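Letter by letter, the chains look like this.
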Amino acid sequence: MTLISFQPEHLHTEAEGCQWIHPHYRLQLTAYDKVWRLHISHRFEDHQKPSLFDRPPVKISHTREPHFTRCEAEGLFAIAVHHSPCRFSGNLLHNLGIVTEPTESWGQTEPFDSGDPHIFKGHPVREQLNGTPLGAGLTLSFALPEDLDFYGLGERTGFLNKRGRRWTHWSSDEFFHSPDKDPLYQAHPFVILRQGDAYLGLFLDESWYSVFDLGYTLPDQWMIHTAGSTADLYLITGESPAEILSRYTEAVGRAPLPPLWALGMHQCRWSYPNARSAQDIVAQYHAHQLPLDALWLDIDYMDAYKVFSFSRHRFPEPEQMIAQFATQGIKTVVIVDPGVKRERHYPIYASGHAEQLFVRNQRDEELVGEVWPSPVVWPDFSLERTRHWWGDLHSFYTHKGVAGIWNDMNEPAAFRWPGKTLPLDARQSMGSHAEHHNRYGLQMAQATYEGLKRLKPDHRPFVLTRSGSPGIQRYAWVWTGDNASHWEQLEGSIPMLLNLGMSGVPFIGADVGGFSGSADGELLAAWSWLGVFYPFMRNHSAKMNRAQEPWIFGEPWLSQIRSALQFRYELLPYLYTLSKEATR
């Protein structure tokens with residue numbers, strides 16, 4: 001490991017800010033209205049990385065001292081950049097140094113530790129560094145006062161304050177949320193620091209594997225590590241978390257206004273295996289005088305798990321079934337996974353193969369693996385042409401009357417491979433999957449949302465996603481994945497959803513009643529009342545467990561759940577007003 005250092009003569013000033021230029025690294029400091037950007041880069045192409053903010057930068061004034069440079073900009077706290085070793089301080093941040101790791105080995109094919117996707121043979125960034133000696137990772141260490149707290153970081157287990165644990169940003173297919181499980185499906189390297197009445201937002205704009213160690217390894221330090229060759233930090237000021245979030249979402253994007261029905265009650269199970277079972281669920285909701293806005297179909301509606309298909313035997317007339325539901329005011333939402341079955345005469349595979357739209361391996365062949373279908377290939381959503389192709393495919397569903405799309409398994413998940421995801425050196429666009437992994441869910445949701453917008457321009461698209469990263473709120477709602485039917489997980493959903501909200505993602509929810517395990521009437525009733533206050537309210541359970549539709553456990557639980565649902569619908573005008581506020 002090497003401490004980054006500069007000399008005073010390395011400082012260059014220009015209209016865009018201040019730069020310290022070293023033979024191996026460059027540090028650029030730029031100011032925007034209420035925001036500092038500190039960008040450490042190694043490769044020439046990274047030096048030119050554009051800012052997330054469209055507005056022009058603010059002028060920086062600097063004062064050179066013997067061992068540091070003091071930088072100031074209107075409306076911002078001053079930052080002192082020390083030269084050797086390089087470190088910076090200002091406001092709630094007291095950086096202790098920046099360490100880089102040399103690349104030492106050849107490219108890898110797969111992780112050798114299934115519990116940690118970052119531990120692998122070699123480093124997939126190596127081939128992109130063109131032989132330069134540094135750049136396989138950066139670590140920034142900060143002093144950790146006793147009264148400094150941390151909030152945000154997206155979808156996390158544990159308490160509201162995230163201090164004291166090591167949080168990994170790596171979208172992962174995790175079947176069971178134990179209280180100490182990390183990472184989960186979302187990767188949001190954004191945190192709000194609080195010390196007394198002072199707040200500061202910090203966003204690491206990197207898609208590589210990264211870690212925020214908030215006093216876990218060393219109780220008097222907190223650290224940021226990124227596996228890539230750059231560290232792009234935005235320091236966002238504000239008098240309150242709401243003010244910080246407003247500036248943060250100005251950069252990464254805000255959620256659009258959803259359709260009103262999305263705020264109603266949703267019912268799902270893995271799976272309703274045929275049209276008759278789905279129709280029976282709708283009939284039971286009406287028979288028990290329970291409001292319902294949407295019925296969801298999981299993977300068993302498909303023909304051999306092939307996306308953009310319905311089973312001819314189990315769902316022989318999907319248009320009629322969906323139209324029948326629509327006459328009762330009920331929308332239909334279907335699951336769409338990214339994995340495409342590799343089958344020569346399957347039109348989805350054939351069209352993607354012809355245009356080379358799938359992720360490739362190191363031999364520049366289609367990467368072939370297994371998920372629900374087998375063999376399977378994965379669309380390369382980092383390519384704009386792939387996103388457009390995928391979006392247009394959704395005409396298959398819109399023509400049948402489907403109202404919403406549910407993106408699952410989009411971390412992306414893969415069976416039988418270490419880390420349950422694609423090999424890190426798989427090829428996407430001009431880079432490796434290691435660089436694009438955390439963006440995969442976001443770019444799939446983008447493709448889906450934009451496709452629905454093109455296909456039905458007069459309708460507000462509805463997309464739900466399991467995986468995502470900063471900006472996912474522009475395209476999709478988020479649910480917290482495969483939770484379980486335990487009281488502890490009911491309780492744990494509250495800080496998990498609040499921290500997602502404090503990461504800029506407003507439309508969120510957890511599976512009411514729990515997905516895995518078997519609920520009882522008391523738990524389901526209590527969770528239904530809590531779900532009333534989730535932005536997204538969906539009862540969802542796994543087929544290997546006891547069913548948990550609202551009437552399953554009889555009285556008194558049915559009446560309690562009915563009261564909860566009725567109260568939810570009484571709240572809809574208020575919830576829709578809050579939805580509008582969340583888009584601004």
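It should be noted that the structure appears before, not after, this text.
Right, let's get into the overall build of the protein chain. Secondary structure assignment for the protein chain yields 13 helices and 31 strands. Compactness check: the protein chain gives a C-alpha radius of gyration of 25 Å against a globular reference of 25 Å for 584 residues, within 12% of the reference. Taking the principal axes of the C-alpha coordinates as reference, the protein chain spans close to 80 × 55 × 40 Å. The burial tally for the protein chain puts 61% of its 584 residues in the buried class. Intrachain contacts of the protein chain at a sequence separation of at least 6 include 70% that bridge at least 24 residues. Taken as a whole, the protein chain presents about 22800 Å² of accessible surface, with 52% of it coming from carbon and sulfur. One finds the centroid of the 52 positive side-chain charges in the protein chain at a distance of 4 Å from the centroid of its 66 negative side-chain charges.

This structure, assessed with the given rule, holds 26 salt bridges. Between R454 and D392 there is a salt bridge, and its shortest N-O distance comes to 2.9 Å. Taken as a pair, R454 in helix α9 (residues 440–455) and D392 in helix α6 (residues 384–393) lie far apart in primary sequence, 62 residues in all. Ionic pairing is found between E411 and R466, a salt bridge with its closest N-O pair at 2.8 Å. Taken together, the residues E411 in the loop between β24 (404–407) and β25 (427–428) and R466 in the loop between β27 (463–465) and β28 (477–479) connect sequence positions 55 residues apart. Counted as one network, the salt bridges with shared partners bring together D173, D408, E411, R466 and D482.

The subject of this paragraph is empty space enclosed by the protein. Applying the stated rule across the entire model yields 2 cavities of 30 Å³ or more. Here the second largest cavity defines a volume of roughly 40 Å³. Residue lining of the second largest cavity: I299, M302, Y305, V307, D337, G339, V371, W372 and P373, and that is the complete set. For the lining of the second largest cavity, a count of residues per class yields 7 nonpolar, 1 polar and 1 charged.

For the coordinates displayed, the defined rule picks out 41 aromatic pairs. Between F396 and Y397, the ring centres sit 5.1 Å apart and the planes meet at 80 degrees, which makes this aromatic pair edge-to-face. An aromatic cluster of at least three residues, connected via ring pairs, comprises Y301, F308, F310, F315, Y349, F358, F381, W389, W390, F396, Y397 and Y440. A cation over a ring is seen here: R538 above W406, with NZ or CZ 4.6 Å from the ring centre. The ring of W479 has R538 lying over it, and the distance from NZ or CZ to the ring centre is 5.1 Å.

The subject of this paragraph is the packing of helix α12 (residues 557–570) against helix α13 (residues 572–582). Each pair of packed helices can be summarised by the angle the axes make with each other and by the distance between the axes. Running from N to C, α12 and α13 cross one another at 55 degrees; their axes reach a closest spacing of 5 Å. Relative to α13, the element α12 is oriented oblique. Within the contact between the two elements, α12 uses R568, Y569 and E570 and α13 uses L572, P573 and L575.

Moving on to the sheet that holds strand β21 (residues 331–336). The parallel open sheet is built from 9 strands, whose spatial order is β29-β28-β27-β24-β21-β20-β19-β31-β30. Of all the strands in the sheet, just β29 (508–509) and β30 (511–512) have a single pairing partner and so form its edges. As defined by bridge partners, strand β20 (residues 294–297) adjoins β21 across 4 bridges and the pair is classed as parallel. When the sheet's bridge partners are listed, L297 is paired in β21 with V334.

Attention now goes to a nonpolar patch on the surface. Residues L160, I494 and L498 make up a contiguous nonpolar surface patch of about 230 Å² in total accessible area. Note on placement: L498 falls in helix α10 (residues 487–501).

Let's shift gears to unusual backbone geometry. In this model, W270 is joined to S271 through a cis peptide bond whose omega is 0 degrees. Going from E411 to P412, the amide bond is cis rather than trans, its omega being 5 degrees. The backbone of N91 shows a phi angle near 55 degrees, a positive value even though the residue is not glycine. Among the structural elements, N91 can be located in the loop between β9 (87–90) and β10 (93–102). Here L153, not a glycine, exhibits a phi torsion of approximately 65 degrees, which is positive.

The subject of this paragraph is the sheet that holds strand β3 (residues 17–21). Consider a sheet: its strands pair through backbone hydrogen bonds, and that pairing is either parallel or antiparallel. If you trace the 8 strands from one edge of the open sheet to the other, you get β2-β3-β4-β5-β18-β15-β14-β12, paired in antiparallel fashion. Whereas interior strands pair on both sides, the edge strands pair on one side only; in this sheet they are β2 (11–14) and β12 (148–152). For this sheet the average axis-to-axis angle between neighbouring strands, irrespective of direction, equals 20 degrees. Pairing geometry for β2 and β3, over 4 bridges, is antiparallel. For T13, the partnering residue across the bridge sits in β3 and is C18. Together, β5 (35–41), β14 (190–195), β15 (198–204) and β18 (231–238) form the strand contacts of helix α2 (residues 241–252), whose direction differs from that of β18 by roughly 140 degrees.

Time to look at helix α4 (residues 318–327). Looking at α4, one finds that the buried residues are P318, M321, I322 and F325. Down the axis of α4, the buried side of the element spans an arc of 95 degrees, and every buried residue falls inside it. Just downstream of α4, G329 is the residue with a positive phi angle, here 80 degrees.

Helix length check: α10, at 15 residues, gives a terminal C-alpha distance of 22 Å against a target of 21 Å (1.5 Å per residue), a fit within 8%. In α10, a bend of some 25 degrees at S493 exceeds every other bend along the element, and P495, a proline, comes one to four places later. For α10, the complete set of buried residues consists of Q489, L490, S493, P495, M496, L497, N499 and L500. Contacts from the buried residues of α10 go to β12, β28, β29 and α11 (521–531).

For the rest of this paragraph, the subject is a positive patch on the surface. Together, K453, R460, K580 and R584 give the surface a local cluster of positive charge. Along the polypeptide, K453 turns up in helix α9.

Cut-offs used in this document
Residues numbered from 1 in each chain as written. Predicted model: local features only at pLDDT ≥ 70, side-chain atom pairs only at ≥ 80, totals over all residues. Heavy atoms only, no water. Helix = DSSP H or I, 4+ residues; strand = E, 2+ residues; numbered from the N terminus. Rg over C-alpha atoms; globule rule 2.2 N^0.38 Å. Buried < 20%, exposed > 50% of the residue type's maximum accessible area, 1.4 Å probe, protein only. Contact = heavy atoms within 4.5 Å. Areas by Shrake-Rupley, 256 points an atom, 1.4 Å probe, with all protein chains shown as cover. Lys, Arg positive; Asp, Glu negative; His and termini not counted. Charge placed at Lys NZ, Arg CZ, Asp CG, Glu CD. Salt bridge = Lys/Arg side-chain N within 4 Å of Asp/Glu carboxyl O. 1 Å grid on protein atoms, 1.4 Å probe; cavity = no way out; pocket = protein on both sides within 12 Å on 5 of 7 lines; lining within 4 Å. Points joined across faces, edges and corners; volume = space filled by probe spheres on them. Nonpolar A, V, L, I, M, F, W, Y, C, P; charged D, E, K, R; others polar. Phe/Tyr/Trp six-rings, centres within 6.5 Å; stacked < 30°, edge-to-face > 60°. Lys NZ or Arg CZ within 6 Å of the ring centre and 35° of its normal. Axes fitted to C-alpha atoms, helices over the stretch in contact; angles between N-to-C directions. Parallel < 35°, antiparallel > 145°, perpendicular 65-115°, else oblique. Pairing = 2+ DSSP bridges. Patch = residues over 30% accessible without salt bridge, like charges linked within 9 Å, V, L, I, M, F, W, Y side chains within 5 Å. Arc of directions from axis to C-beta. Expected span 1.5 Å × (residues − 1). Bend = angle between axes of the 7 residues up to and from the residue.

Nothing here speaks to function; it is all geometry.
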